[in-house]
Amino acid sequence: MVTQEFNEQPLPGVVNKESAAVRIEGLWWRYPTFSEKPNAWTLRDIALEVEPGECFGITGPSGAGKTTLCRALLGIIPYNARLTDEQLPQHFRGAITIQGQMMTGQTANARRLGMVMQDPENQFLRMSLLHELGMGLQIQGVPNEEIIQRAHDALQWVGLGHLWRGALYMHPADLSGGQKQRVAIAAFLALRPEILILDEPTSDLDPVGKREVIETIARLRRDHRMTVILVEQDPDLLAAFCDRIALLHEGRIELVAPPASFYAQRSLLESSGTSVCELARISWRTGYTYESRPPLTLSEGEAAFTQPLLRHVHAHAPVAADTATEPVVQAEGVYYNYTDGTRALKGVDLTLYQGEMLALLGPNGSGKTTFAKIIAGIYRATRGTVRVLGQDLAQRKVRARLPSSVGYVFQNPDHQLFCRKVRDEIEYGLKNLGIEQARRREIVDSTLEAVGLTRYADEDPLFLSKGQRQRLAVAAVLAMGPDILIVDEPTTGQDYRSITSIMSLLCDLQRQGKTILVITHDMTLVAEYCQRVVAFRDGLLAFTGTPTELFAQQEVLQRTGLRPPMAAELSTRIRERHPGLPTLLTVEQWSAALS
Amino acid sequence: MSRQNILTTGAADAPFLQPPPGKRFVRSFLFSRRIDAPLAQVHLLARIVLVFSLSAALLRAINTDHPDLLGAIVLWFPGILLFACSGIRPRVARIYVLLTIPTLFSLFFTWAVFNPVPGTVLLRQPVYGGTLHIGVALWEIIWLALVVAYFLWRRGLLVGILLASLVTFVLTRFVALPAWTFAQVAFFHPLTVLITDQGALLSLIKMIGYSSMILCTVALVMTSSDIELIGLLRQLRTPQPVVFFLSTVFRALNLAFTDYETIYQAQIARAINARPRSLVRRLRDLGSIAVPMVAMMIRRSSEIGDAFLARGYSLRNKSADFYETSPLRSIDWIMFGISLCLLYFAFGPHPTLTILLQRGI
């Protein structure tokens, strides 16, 4: 057993054994396998204490064991893993104590903990909103009057109070992804558990929605003294809401500290590939600090960077203006109605230019994905004209051949992998386009090389990691040689390294002259990579312009549920007092301006 | 929204039990129905009993031994009425009617041809003389050449066969094409299509009866939702694990359908429609959907299990009713009364309506 360097020292705000909301001691876990060779340990000697009423963050790269740890806290592991008494010690060691009570097979499902998971679809267990909200309380035998009151309150808390009328008739398919995620959170808020575990609960929400939901949970925590364990990749949320943060890497807890000390551990965070706040990254690169540590809030950032910025302002190079090129997509008056009568687009006019990287933004259900699917020929516009590379998409034949010109990468790679070998997967689209075998082989080899998957050519895609599957999905579309590539939420639920990897691939493609359209809620991505942004609101275009222009317009940001990244927000704030300073949107720009 | 308003849990006018504002249609087992569809106001149990009773009465009317034309016509109207009251979307209704018509015609001809009934002969058409001719005809060579040529050109088989059949049929009507017979072998016995007036009448009665049964069954499925079915099972005191299992199956099917839509869209994005596809190719593409579907289902099933456990669910739990069941109202008892009449019509010791009419005349 490997000892924990950090946990052997007293924890900040340490609690005694009896009063801890959650106490984990020497927890080891490995998943059962069907072969004789045992799996590697997923959790390794985890030792943690969470104080009652504390908001405890857990972060770390993908595959670190974060979700497994949550499942262990809920007792799913090991008590629902169907292990015999003989098998149990081979897979599970250690002890978990919840509110002073040792977790056993009998106490594992004691209803004191709730867990909201990442994918809202898999948590929507009933066929109406009303029953979904009431399910947990129904199981607990709570009277119907109280269920109604609590369900109503919970729905209000997550900003969906308007759905209460008709909740009985509201089918899961009537709700957008973001709404489902809020409902999943509301279903647990209605339960009012003493300990609430949130496993990346806001990954599908727009930036403002994300903030609103977490603020609600923080308020409930204060009001009801609820203990919250927040598993997140988003460093801004962790820094703003958590009392302490734990770094989980390769199944080990490598660091537990309050946010200010946590984000001061540069080497540890960088080596593990953990996502870090923009302000901390600026501080690391430039050496400017707030009270000898990286700033985490806007006020701290202002205090740390304003004076150096005033000294270095002359060194800042102006951001180059983008140059317009040939239009590749021209949409005029585009309307789209779904079969259930919902009008998703209400007259969209938009032109895309060759070689640009453009972000489609907007709140959940605003019509951005529908518009992108029309450009890709997956949907046909109900009204209006769409011309892609000069071809009118009203013609069925044009839409059928469109994948050779416009590639669409779906959010979940598992939806788009059809073959049992990586090589066949890339070849699938090429076969459909009727490309001859020798040429296909050449394209497959070069594409595998480009995305760094050559050594996995004969592997089954289902056994690749999520990041690799995402790259394969991009590669499979890329192999068809499209001039325009549409990527839906490429960074959702991904760690820093995966995000950097996928975005550098997209940048390479852009440099080759391809037009990239990114549907995203990630404002850091927008600021760092996109030359132009288009924001949707209720099926209409609410804004078209550069990221700089967007982040300067508070009214547009509010209307479209967007929120600038910390670096851009800090720049806006400092410029209010010093208008002569340049607008800085990214860590790169800040670093250049301060160096 | 006032607190008083939220807590009117027993009242039917509680906001959460009202139709959502601006929404005219709600989802059901298949597609969707109007929120205010008259048939949907009837309790699911009463609807099921009514549809089954009507079907039983129709089965008696279309009985082969004692066909009852008048009975079938009279019972056709309630079936149509149920369909009309189901609140089905006009577009979906048109599709169902369009699909039903060829099915019924096919039923009519199949029954008339393969179930000979004594009576006045309306049609006598020999179709096979009892001898197999072994040889080759020019039209066969033309047909084969057309099919092969079409396949090489468009990689399609079904359309090629249809086109070749049409061309050779038209050709043989206008030109006498040569045929070469090498041998003749006696096989089976001569076959003749024979349709009598009684056979045609029976087929017509069957067609009327089945059309009514199809439409009232569609009406039942269209107006029912999974929540209603779960409520009914609770009211019928079905064991909790069965109710839980069915409830999970409905949700899983809904998820599978959503996944299927996305996966199919992903296939479109990978150019499956770029070229005309043969039937084999279409089947292979359909089969390739299975890979992501199974992967998604495995991943989802694990998370759904976790989600149930996270809500504190176990099969030992006995959860109370929460707006799932609904009490039987006057309209439901009226429907049960009508069902009883229909059941008497189906199984009661009475002559058929047609006989009663003939006696009256």
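Owing to the predicted nature of the structure, the values given are computational and were not obtained by experimental measurement.

*Asks:* Teacher, can you tell me more about the overall build of chain A here?
*Replies:* Looking only at helices and strands, one finds 23 helices and 20 strands in chain A. Across the 595 residues that make up chain A, the buried fraction comes to 54%. Looking at chain A alone, contacts between residues at least 24 apart form 69% of all its contacts between residues at least 6 apart.

*Asks:* What's the story with the nonpolar core in this structure? I'm lost.
*Replies:* General note: in soluble globular proteins, nonpolar side chains tend to be found buried as a group. Residue and element names in this part refer to chain A. Of all hydrophobic cores here, the largest spans 203 residues; its most connected members are Ala186 and Ile486. Here this core gets 9 residues from one element, more than from any other, and that element is helix H6 (residues 177-191). Once you skip the residues sitting within four places of it in the chain, Ile486 turns out to touch Ala372, Ile375, Ala376, Val406, Gly407, Tyr408, Val409 and Leu517.

*Asks:* Is there a simple way to explain the sheet that holds strand E9 (residues 244-249) of chain A in this structure?
*Replies:* Residue and element names in this part refer to chain A. Across the sheet, which stays open at both edges, the 6 strands sit in the order E6-E7-E8-E3-E9-E10 with mixed pairing between neighbours. The two strands at the open ends of the sheet, each matched to only one other strand, are strand E6 (113-116) and strand E10 (252-257). Taken pair by pair, the neighbouring strands of this sheet meet at an average axis angle of 20°, ignoring direction. In this sheet, strand E8 (residues 227-231) lies alongside strand E7 (residues 195-199) in parallel orientation, the contact comprising 5 bridges. Following the sheet pairing, Ile195 is matched in E8 by Thr227.

*Asks:* Got a minute to help me understand the confidence of the model for chain A in this structure?
*Replies:* Residues and elements named next belong to chain A. In this model, chain A carries a mean pLDDT of 87, and residues with pLDDT of at least 70 account for 94%. Per-residue pLDDT, averaged within each element of chain A, yields its smallest value for helix H7 (residues 207-224) (80) and its largest for E9 (96). Here residues 315-321 scores under 50 on pLDDT; set against residues more than four positions off or in separate chains, the count is 5 contacts.

*Asks:* Would you mind going over the pairing of E9 of chain A with me for this structure?
*Replies:* All names here are of chain A. Among the 6 residues in E9, 6 count as buried, and that is most of the element. Pairing analysis gives 4 bridges linking strand E3 (residues 55-59) to E9, with the strands arranged parallel. Residue pairing for E9: Ile58 is matched across the bridge by Ala246. Pairing geometry for E9 and E10, over 5 bridges, is antiparallel. Its bridge partner lying in E10, Ile245 is registered against Ala257. The hairpin formed by E9 and E10 contains 2 residues between the paired strands, and Glu250 there has a positive phi angle of roughly 50°.

*Asks:* Just to check I follow, could you spell out the domain arrangement of chain B for this structure?
*Replies:* Many analyses report the size of an interface as the accessible area lost when the parts associate. On domain assignment, one finds that chain B holds domain 1 (24-115 + 198-224 + 327-361), domain 2 (131-187) and domain 3 (226-325). Put simply, the middle of domain 1 of chain B and the middle of domain 2 of chain B, counted by C-alpha atoms, are 44 Å apart.

*Asks:* Is there a simple way to think about the sheet that holds strand E18 (residues 515-519) of chain A in this case?
*Replies:* By definition, the strands of a sheet pair up through backbone hydrogen bonds, in either a parallel or an antiparallel sense. Residues and elements named next belong to chain A. The 6 strands are arranged E16-E17-E18-E13-E19-E20 in an open sheet whose pairing can be described as mixed. Strand pairing shows two members of the sheet lacking a second neighbour, strand E16 (406-409) and strand E20 (540-545), which therefore form its edges. Each strand axis lies, on average, 15° off the axis of its neighbour in the sheet, ignoring direction. Summarising the sheet, strand E19 (residues 532-537) and E20 pair through 5 bridges and their orientation is antiparallel. When the sheet's bridge partners are listed, Val534 is paired in E20 with Thr544. Strand contacts of helix H18 (residues 496-511): strand E13 (357-361), strand E17 (484-488) and E18, with the helix running at about 150° to E18, the strand carrying the most contacts.

*Asks:* Just checking my understanding: could you explain the interface of chain B and chain A for this structure?
*Replies:* Residue-level contacts link 61 residues of chain B with 67 residues of chain A. Taken together, the elements giving at least two residues each to the side of chain B that touches chain A come down to strand E1 (25-27), helix H8 (226-235), helix H9 (240-269) and helix H11 (290-310) of chain B. Here the residues of the side of chain B that touches chain A sort into 35 nonpolar, 14 polar and 12 charged.

*Asks:* Quick question: what am I supposed to make of the environment of Leu562 of chain A here?
*Replies:* Residue and element names in this part refer to chain A. With respect to the helices and strands, Leu562 occurs in the loop between helix H21 (554-559) and helix H22 (566-577). You can call Leu562 buried: it has 25 C-beta atoms within 10 Å. Counting along the chain gives 39 residues from Leu562 to Met523, while the straight-line C-alpha distance between them is 8.0 Å. Sequence-distant contacts of Leu562, defined by excluding residues within four places in its chain, comprise Pro207, Val208, Leu361, Met523, Ala535 and Leu557.

*Asks:* Would you take a moment to explain the packing of helix H2 (residues 44-61) of chain B against helix H3 (residues 69-84) of chain B for this structure?
*Replies:* Helices that pack against each other are described as a pair by the angle of their axes relative to one another and the distance between those axes. All names here are of chain B. Contact pair H2 / H3: the axes reach a minimum separation of 9 Å and the direction vectors enclose 155°. Here H3 runs roughly antiparallel to H2, going by the angle between their axes. Crossing hand, H2 versus H3: left-handed. Contact residues: Leu54, Ala57, Leu58 and Ala61 in H2; Gly71, Ala72, Leu75, Pro78 and Gly79 in H3.

*Asks:* Explain helix H23 (residues 587-594) of chain A here, please?
*Replies:* Working note: α-helix, 3.6 residues per turn, so residues spaced by three or four point in the same direction. All names here are of chain A. If you check which residues of H23 are buried, you get Val587, Gln589, Trp590, Ala593 and Leu594. Down the axis of H23, the buried side of the element spans an arc of 165°, and every buried residue falls inside it. Where H23 is buried, its residues touch helix H11 (278-286), helix H12 (298-312) and H22.

*Asks:* What am I meant to see in the domain arrangement of chain A here?
*Replies:* Residue and element names in this part refer to chain A. According to the domain assignment, chain A contains domain 1 (277-321 + 564-595) and domain 2 (327-563). Placing the centre of domain 1 and that of domain 2 at their C-alpha centroids yields a distance of 32 Å. Domain 1 puts 10 residues into the contact, and the matching count from domain 2 is 10 residues. For the side of domain 1 that touches domain 2, the element with the highest residue contribution is H22, accounting for 3 residues. In terms of residue class, the side of domain 1 that touches domain 2 is made up of 6 nonpolar, 3 polar and 1 charged.

Each value, and the rule that gives it
- Residues numbered from 1 in each chain as written.
- Chains lettered and ligands numbered in written order.
- Predicted model: local features only at pLDDT ≥ 70, side-chain atom pairs only at ≥ 80, totals over all residues.
- Helix = DSSP H or I, 4+ residues; strand = E, 2+ residues; numbered from the N terminus.
- Buried ≥ 20, exposed ≤ 12 C-beta atoms within 10 Å, placed from the backbone.
- Contact = placed C-beta atoms within 7 Å.
- Core = buried A, V, L, I, M, F, W, Y, C linked by C-beta atoms within 7 Å.
- Pairing = 2+ DSSP bridges.
- Axes fitted to C-alpha atoms, helices over the stretch in contact; angles between N-to-C directions.
- pLDDT = per-residue confidence, 0-100.
- Domains from an automatic or database assignment.
- Nonpolar A, V, L, I, M, F, W, Y, C, P; charged D, E, K, R; others polar.
- Parallel < 35°, antiparallel > 145°, perpendicular 65-115°, else oblique.
- Left-handed = near helix turned anticlockwise from the far one by under 90°.
- Arc of directions from axis to C-beta.

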